[in-house]
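Coordinate analysis (summary)
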2 protein chains.
Amino acid sequence: MKIVLDAMGGDHGPKVTVQGAVDAVNEYGVHMILTGDEEILKKELNNRTYPKDKIEIIHCTEVIENEDKPVAAIKKKKDSSMVVAFKLVKEGKADAMISAGNTGALLAGGLLLLGRIKGIDRPALAPVIPTEKGVSVLIDGGANADCKPRNFLEFGLMGSIYAKKLLNIQRPRVCLVNIGIEEGKGNVSTKEAYEVCKDAPFNFCGNVEARDIPAGYTDVVVCDGFTGNVILKLMEGVAGTFLKILKEELTKNPIRKFGALLMKSGFKGFKKRFDYREYGGAPFLGVKGLLIKAHGSSNELAIKNGIRQAKLLIEKEVVKEITSEINTLGADRLD
Amino acid sequence: MKIVLDAMGGDHGPKVTVQGAVDAVNEYGVHMILTGDEEILKKELNNRTYPKDKIEIIHCTEVIENEDKPVAAIKKKKDSSMVVAFKLVKEGKADAMISAGNTGALLAGGLLLLGRIKGIDRPALAPVIPTEKGVSVLIDGGANADCKPRNFLEFGLMGSIYAKKLLNIQRPRVCLVNIGIEEGKGNVSTKEAYEVCKDAPFNFCGNVEARDIPAGYTDVVVCDGFTGNVILKLMEGVAGTFLKILKEELTKNPIRKFGALLMKSGFKGFKKRFDYREYGGAPFLGVKGLLIKAHGSSNELAIKNGIRQAKLLIEKEVVKEITSEINTLGADRLD
């Protein structure tokens, strides 16, 4: 099993990606390929302990920056760490790819260089979100701002397969994000989506209101990429604000401060449960190959966890299952 | 100044509405009219201390239930506590109305019985949401699941006027909820909305990502009612889940439990800042009259705060200002 990492991607660059790769090699025994500037990567690897045959470097002369226009960057920067990683997956030289780089470019690369699985109209990002009970899979996390009814159906199928593998559940509950639980509620888009989902071959359990998502009401949260992005970012924002306000309130006087000291490890446990870095990245499901988008601000832990996640999804053959299961949806949605 | 309260509305009924009205009369000196079953309301009032001339009851024989179909209920239940309250506002016998009852019926009543302000296509709910810095006004909170570009523009204007009065800010910042801050980002709907808002007479400050809403990045958060409903309910859900998980983590062993005890008042302060009951209700802006929707599960504190809010909005003449300011938007949006 070989996993390629775009070692130049992400806000913190090679310092963090290389450490994440080294940790993953040591912990999970995977074989890593790092794409990027050889000199920089070698320097980063120099001080680190790991089985030397488990990490190889493929030198690239270019980097796709966050400011680059996605499609143009993918087409023009042919020797970038991201495009070269795509090629390795495409040619079967790597079983999965991870990047914390330019999200738009990564999605464009997935579509242009790997291509869509036959029968999938729109591939989608599927991050996990923390809940009271563990995690849920959210799909689409932001790849498609506007969606047609068939997209929701395909998101539901892909999300269900992913959740089954990731969470080890036989028939994950799949719900549509809506503003009421009854059938017939919602905007034009979700009403149509409900219609196509209700006879789906996966375990469609109707609508879920946003209020019930953090409680873990459903294993798979289906929505368009606009709504998904709002949900993800709002949860992140609320988490940050909560901790800030809590800290303010809990350190207002010496007694409270002392109390807070006694509970320090408790706060750590709490923070950890709401830390996206613990959960790796978001697979871009529906393309021909395993592609994982790590958060732009990933640290070494997030990269390592992204690699662990890639390993799991390779072993569980997620892409293969989507490719075969898509046929169960019937062809009538293709109009 | 007279404020009418639909005393039969809400999950907890007259017990809570009457107490809220009594507290408001005692604290703010307002004159209240309660609509509902006279016998029940008199019984509730019996044990309470307040200036007797400040609360009057108007007897109604019907109640609109949560299960009732909104438009049908408004049309048929002419002697319901909600419809009678609407009539009092319409006839100028009350300056504002509050109800914690059936939301759909309340919105339908606003449109059918009070009517829209000339120039407003779609009235909208404008709840406040807690932020690090205080509160922001969100509009639309759920009245219009699908919106046209002109709706966003009108929401921005109404939200700006409301925030100016409520938060005492001269030129509130007004932002559009979107999945990126740059112009040109978003789905079809938000791209169009940006176009019409950028030359608006209010202080339009571009897009806001959901992540930055809880930090208080903007005073007015503009979005369609679907997105607004998702934001409100998700914040509510995340708040609940946070406190639950925090409690779990913080009581895992005796030392932490002792720490938690020392910080009890700190947690109370924290909870209070995220408690919607502290903030009253959501005005339904754009109708000819002041109509406030209180949360269905309102307790007496929420009702009292809703009355305080009604008083403020009457004094500050919000409806009058919307009626005159709507003309500044220009007529080209009316196509």
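Just so you know, the residues in each chain are numbered from 1, in the order the chain's sequence is written. Each chain is given a letter, starting from A, and each ligand a number, starting from 1, according to the order in which they appear as written. Per-residue local features of the predicted model are confined to residues with pLDDT of at least 70, and side-chain atom pairs are confined, for both listing and counting, to 80 or more; whole-chain, interface and lining totals are unaffected and use all residues. Excluded from the side-chain calculations are hydrogens and water; all other atoms, namely the structure's heavy atoms, are used.

In the annotation of an unreviewed UniProt entry, the entry for chain A reads Phosphate acyltransferase, and the organism field reads Alkaliphilus hydrothermalis. Recorded under Pathway (unreviewed entry), the UniProt text for chain A is reproduced unchanged: "Lipid metabolism; phospholipid metabolism." UniProt positions are given in the numbering used here, feature names are shortened, and annotations may be inferred rather than shown by experiment.

**Thoughts on the overall build of chain A**
In this text, helices come from DSSP runs of H or I with a minimum length of four residues, and strands from runs of E with a minimum of two, each type numbered from the N-terminal end. From N to C terminus, chain A includes twelve helices and twelve strands. Overall, the C-alpha framework of chain A stretches about 65 × 60 × 35 Å when taken along its three principal axes. Buried residues in chain A amount to 57% of all 335 residues. The contact rule is simple, with two residues in contact once any of their heavy atoms fall within 4.5 Å. Look at the contacts in chain A between residues 6 or more apart in sequence, and 71% of them connect residues 24 or more apart. In the form shown here, chain A has an accessible surface area of approximately 13,700 Å², with 51% of it arising from carbon and sulfur atoms. With 49 positive and 43 negative side-chain charges, chain A shows a separation of 3 Å between the mean positions of the two kinds. Think of it in three bands: residues with accessible area under 20% of the maximum for their type are buried, residues over 50% are exposed, and the middle band is partly exposed, with areas taken using a 1.4 Å probe on protein chains only. Note on areas: Shrake-Rupley with a 1.4 Å probe; residue coverage comes only from the protein chains shown. For the charge count, each Lys or Arg is scored as positive and each Asp or Glu as negative, with His and the chain ends excluded. All charge positions are set by atom: Lys at NZ, Arg at CZ, Asp at CG, Glu at CD.

**Structural notes on the interface of chain A and chain B**
Each partner contributes residues to the interface: chain A has 51 residues there, and chain B has 51 residues. Summed over both partners, the interface of chain A with chain B comes to about 5,100 Å²; 72% of that surface belongs to carbon and sulfur atoms. Whenever a carboxyl oxygen of Asp or Glu lies within 4 Å of a side-chain nitrogen of Lys or Arg, that contact is scored as a salt bridge. Across the chain A-chain B interface, the total number found is six salt bridges. N or O atoms closer than or at 3.5 Å make up a polar contact, with two conditions inside protein: a donor-capable atom paired with an acceptor-capable one, and, for residues adjacent in sequence, both atoms drawn from side chains. At the junction of chain A with chain B, the criterion picks out 14 residue pairs in polar contact (both at pLDDT 80 or more). Secondary structure elements with two or more residues in the side of chain A that touches chain B: β8 (174–178), α7 (188–197), α8 (225–250), α9 (254–262) and α10 (264–273) of chain A. Here the side of chain A that touches chain B takes 20 residues from α8(A), the largest share from any one element. Take the accessible area each of two parts loses on contact, using a 1.4 Å probe, and add the two losses: that sum is the buried area.

**Here we look at a nonpolar patch on the surface**
Candidates for patches are residues over 30% relative accessible area with no salt bridge; among them, like charges are joined within 9 Å and nonpolar side chains (Val, Leu, Ile, Met, Phe, Trp, Tyr) within 5 Å. Together, Phe258(A), Leu261(A), Phe258(B) and Leu261(B) make up a nonpolar patch on the protein surface, roughly 430 Å² of accessible area in all. At the level of elements, α9 of chain A together with α9 (254–262) of chain B are the ones that each hand at least two residues to the nonpolar patch. Summarising the element assignment, Phe258(B) is placed in helix α9.

**A short note on helix α8 (residues 225–250) of chain B**
Residue and element names in this part refer to chain B. Any helix carries an expected span of 1.5 Å times its number of residues minus one. Compared with the 38 Å implied by 1.5 Å per residue over 26 residues, the 37 Å span of α8 between its first and last C-alpha is a close match. Counting buried positions along α8 gives 19 out of 26 residues, so the element sits mostly inside the fold. Among the residues of α8, the N-terminal cap falls to Asp224, whose side-chain oxygen and the backbone nitrogen of Phe226 are separated by 2.9 Å.

**Regarding helix α7 (residues 188–197) of chain B**
Buried within α7(B) are the following residues: Thr190(B), Ala193(B), Tyr194(B) and Cys197(B). Along α7(B), the residues classed as buried sweep out an arc of 105 degrees about the axis, all on the same side. Among the structural elements, α8 of chain A together with α6 (149–167), β8 (174–178) and β9 (204–209) of chain B are those in contact with the buried residues of α7(B). By arc we mean the arc of the directions from the helix axis to the C-beta atoms, nothing more.

**Here's the deal with the nonpolar core**
Put simply, a nonpolar core is a bunch of buried Ala, Val, Leu, Ile, Met, Phe, Trp, Tyr and Cys residues held in one set by side-chain atoms that sit within 4.5 Å of each other. Among the nonpolar cores identified, the biggest contains 61 residues, and Ile3(B), Met32(B), Leu34(B), Ile139(B) and Ile307(B) are the most heavily contacted of them. Examining the composition of this core, we find that eight residues originate from one element, α6(B), more than from any other. The domain boundaries here were taken from an automatic or database domain assignment. Shared between two domains, this core takes at least three residues from each, and those domains are domain 1 (1–120 + 286–335) and domain 2 (122–281) of chain B. Residues contacting Leu34(B), with those up to four places away along its chain left out, are Leu5(B), Ala7(B), Val18(B), Ala21(B), Leu41(B), Leu45(B), Ile55(B), Glu56(B), Ile57(B) and Ile58(B). Within the second largest apolar cluster, 60 residues are counted, among which are Phe204(A), Ala294(A), Ile307(A) and Ile322(A).

**Details of the packing of aromatic side chains**
Any two of the Phe, Tyr and Trp rings considered here, Trp counted by its six-membered ring, make a pair once their centres fall within 6.5 Å; the pair's planes then place it as stacked at under 30 degrees, edge-to-face at over 60, or tilted in between. As enumerated under the stated definition, the model contains five aromatic pairs over all chains in all. Note on Phe242(A) and Phe242(B): the rings are 4.6 Å apart at their centroids and 50 degrees apart in plane angle, and the pair reads as tilted. Of this pair, Phe242(A) sits in helix α8 while Phe242(B) is found in helix α8, placing the two residues in two different chains. We call a charge positioned above a ring when the Lys NZ or Arg CZ atom is no farther than 6 Å from the ring centre and deviates by at most 35 degrees from the ring normal. The cationic tip of Lys52(A) hangs over the ring face of Tyr50(A); the distance from NZ or CZ to the ring centre is 4.1 Å.

**Some details on the side chain of Asp224(A)**
Residues and elements named next belong to chain A. As for its placement among the helices and strands, Asp224 is situated in the loop between β10 (220–222) and α8. Lacking a salt bridge, the buried Asp224 has Arg122 as its closest oppositely charged neighbour, with an N-O distance of 10 Å. Reaching out from Asp224, the side chain makes a polar contact with the backbone nitrogen of Phe226 at a distance of 2.9 Å. Here Asp224 is in contact with Asp140, Asn144, Ala145, Cys147 and Phe152, once residues within four sequence places are set aside.

**Section: the sheet that holds strand β9 (residues 204–209) of chain A**
Residue and element names in this part refer to chain A. If you trace the five strands from one edge of the open sheet to the other, you get β6-β7-β10-β8-β9, paired in mixed fashion. Lying at the two open borders of the sheet, with one neighbouring strand each, are β6 (128–131) and β9. Taking the axes of each pair of neighbouring strands and ignoring which way they run, one obtains an average angle of 35 degrees across the sheet. A fitted line through C-alpha atoms represents every axis, and for helices the fit uses only the stretch in contact; the resulting angles, taken between N-to-C directions, go from 0 to 180 degrees. Contacting β8 and β9, α7 crosses the sheet at an angle of about 165 degrees to β8. Two strands are said to pair when DSSP picks up at least two bridges between them.

**Quick notes on the state of the cysteines**
By disulfide we mean two sulfur atoms from cysteines, separated by a distance within 2.5 Å. Summed over all chains, the structure comprises zero disulfides over all chains. Not part of a disulfide, Cys197(A) finds its nearest cysteine sulfur in Cys175(A), a span of 10 Å. Just so you know, Cys205(B) is unpaired, no disulfide at all, and the nearest cysteine sulfur is the one on Cys175(B), 5.1 Å from it.

**Topic: the domain arrangement of chain A**
Residues and elements named next belong to chain A. Domain boundaries in chain A define domain 1 (1–120 + 286–335) and domain 2 (124–278). For domain 1 and domain 2, the distance between their C-alpha centroids amounts to 24 Å. The partner domain 2 presents 18 residues to the 27 residues of domain 1 that form the contact. Applying the counting rule to domain 1 against domain 2 returns two salt bridges. Glu321 is paired through a salt bridge with Lys165; the nearest N and O atoms lie 2.7 Å apart. Going through the elements one at a time, α5 (103–114), α11 (300–315) and α12 (318–325) are the ones with two or more residues in the side of domain 1 that touches domain 2. For the side of domain 1 that touches domain 2, the element with the most residues is α11, which contributes seven residues.

**Here we look at the relation of the copies chain A and chain B**
The copies were overlaid by least squares, fitting only the C-alpha atoms of residues that reach a pLDDT of 70 or more in each copy. Screw-axis analysis of chain A against chain B gives a translation of 0.0 Å along the axis, an RMSD of 0.1 Å, and a rotation angle of 180 degrees. Viewed as a symmetry operation, the transformation between the two copies matches a two-fold axis.

**A word on the environment of Lys164(B)**
Residue and element names in this part refer to chain B. As for its placement among the helices and strands, Lys164 is situated in helix α6. Along the sequence, Lys164 and Asp219 sit 55 residues apart, while their C-alpha atoms lie 9.1 Å from each other. Ignoring sequence-local partners within four residues, the contact set of Lys164 consists of Ile169, Gln170, Pro172 and Glu321.

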